[in-house]
Structure formats: C-alpha cells, structure tokens
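Commentary on secondary and tertiary structure
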Amino acid sequence: MTDLDQLTHSLARNLKRWRGERGFTLDALAARAGVSRGMIIQIEQARTNPSVGTTVKLADALGVSITTLLDHEQGKQVRLVPREQAVRMRSTDAGSHTTLLVGTETRGPLELWAWRLVPGDSSASDPHPAGTTELLHVTAGELTLVVDGEPHSVPAGTSATFEANVPHAYRNEGTETVEMTMAVSIPPVR
C-alpha cells in the first residue's frame, strides 16, 4: 500500500469515527463543513483523496485537528513524530510544500506546521471557525501574510499571530525561499 493509499484509508476511518462521535449525520456534517454529502461519502469509502481545503473544512466542522483526521493514536503522554511520519499536506511542482508536524486535541485542537514557499508561490485559506488563532515564525525569506485582504510583510526572524476566522493567504513575493513554522489553535466544538 502506498503512502497516499494509507492516508486515504486513515482519513476514511477517522472521518467516520469522528462523525459518529459527534452524532452528525452525513447531511449535518455536509452543512457544517460546506462540503457536499457525496464528497463525504466518497471520502468515508476511501474512494477519493480530498484537497487540503476540503480536509481542513471537515476537521473544522468536527472540531478536531487535521492530525486527528489523518491518524488518531492517543494514550501516551509523550508522542514522538519522526520526520518520516510527518504528513506532507501540500506540494507544488515549483517546490513549495507544507508539512503537518504534530497536533493534539488537548483543550481544543492544536497543530504545528512546517512551511516552505518558493518565490512566486502562494497558498490561500478559507476562514476557520471563530476563535481559531494562527501563530507563525519566519526563519528564512520574507513572507507576505494577507489577512482579510490586508497584506503584512513578515521578514525572517519575525513572528506574527492573527485570528484566522477571515480569509487569509501566505505569499512569497520575494526572490528567496520562505521557510516558517506555524501553530494553529482551534476552539473545541460546543
């Protein structure tokens, strides 16, 4: 089984599990996530590998992290995630990528990401649920962070935080590759 097959099956298993734990019907989850009922059925039957955006919408609607949707191994106080087990969520032909490093469900989902954006590349995100906060630290290059249409220059060595319940994007408008670490704190579903 390939890595993509494992990811697809893990997502199918965990989406069904969390939808059941939340008591959501297919229609209820579709309405909360803004994802079609048919797409959710295909994901739960491991017949498709959804986009990162769709996966984020489903995680947000369920009130869990993407980590939890992709793999749910709870129980140990300390959980080590070796580099080879970090989940590459997005890659471009140009060489940009995002990697989910680790996440937890303690007091609401919390995720830690490693990002690499090559010059000229960008990544846009739909609004997350109210109360979601993103923190980031740029270690190389200069990031253009766009929050609710307003661009902010974030050079290497600079950190930023923002409420992520509005459209936002990450752009590399410079000539040097941007590398950054980002944490996302998502409020628990009530």
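Considering the pattern of salt bridges
If charged atoms from side chains of opposite charge come close, those side chains can pair. Considering all chains together, one arrives at six salt bridges under this definition. Glu21 is paired through a salt bridge with Arg17; the nearest N and O atoms lie 3.0 Å apart. Of this pair, Glu21 and Arg17 both sit in helix α1 (residues 3–22), four residues apart, which is roughly one turn of the helix. Using a relative accessible area of 33% as the deciding quantity, one classes Arg17 as partly exposed. A salt bridge links Arg37 to Asp27; the nearest nitrogen and oxygen atoms lie 3.0 Å apart. Of this pair, Arg37 sits in helix α3 (residues 37–44) while Asp27 sits in helix α2 (residues 26–33); the two residues are 10 residues apart in sequence, bridging distant segments of the chain. Note on Asp27: relative accessible area 49%, which makes it partly exposed.

Structural notes on the pairing of strand β4 (residues 122–125)
If a strand is regular, its side chains alternate between the two faces of the sheet. Judged by which residues are buried, β4 turns out to be one-sided: Ser123 and Ser125 face inward and are buried, whereas Ser122 and Ala124, on the alternate face, are not. With four bridges connecting them, β4 and strand β9 (residues 168–171) associate as antiparallel partners. Counted as the bridge partner of Ser122 is Arg171 from β9.

Details of the side chain of Glu44
Assignment of secondary structure puts Glu44 in helix α3. There is a polar contact of 2.7 Å between the side chain of Glu44 and the side chain of Arg19. Setting aside anything within four residues of it in sequence, one finds Glu44 in contact with Ala12, Leu15, Lys16, Arg19 and Leu26.

The rules behind the values
Starting afresh in each chain, residues are numbered from 1 along the sequence in its written order. Selection of residues for local features in this predicted model requires a pLDDT of at least 70, selection of side-chain atom pairs for listing and counting requires 80 or more, and totals for whole chains, interfaces and linings are taken over all residues. Only heavy atoms go into the side-chain values, all of them from the structure, while hydrogens and water stay out. What counts as a salt bridge is simple: a side-chain nitrogen of Lys or Arg found within 4 Å of a carboxyl oxygen of Asp or Glu. For the purposes of this entry, the term helix denotes a DSSP run of H or I that reaches at least four residues, the term strand denotes a run of E that reaches at least two, and both are numbered from the N terminus. Exposed residues in this analysis have more than 50% of their type's maximum accessible area, buried residues have under 20%, and partly exposed residues fall in between, with area computed by a 1.4 Å probe over protein chains only. Paired strands, in this sense, are two strands between which DSSP finds at least two bridges. We define a polar contact as two N or O atoms separated by no more than 3.5 Å, with the added condition that, inside protein, one atom must be a possible hydrogen donor and the other a possible acceptor, whereas residues neighbouring each other in sequence contribute only through side-chain atom pairs. Here a residue-residue contact requires only that any non-hydrogen atoms of the pair lie within 4.5 Å.

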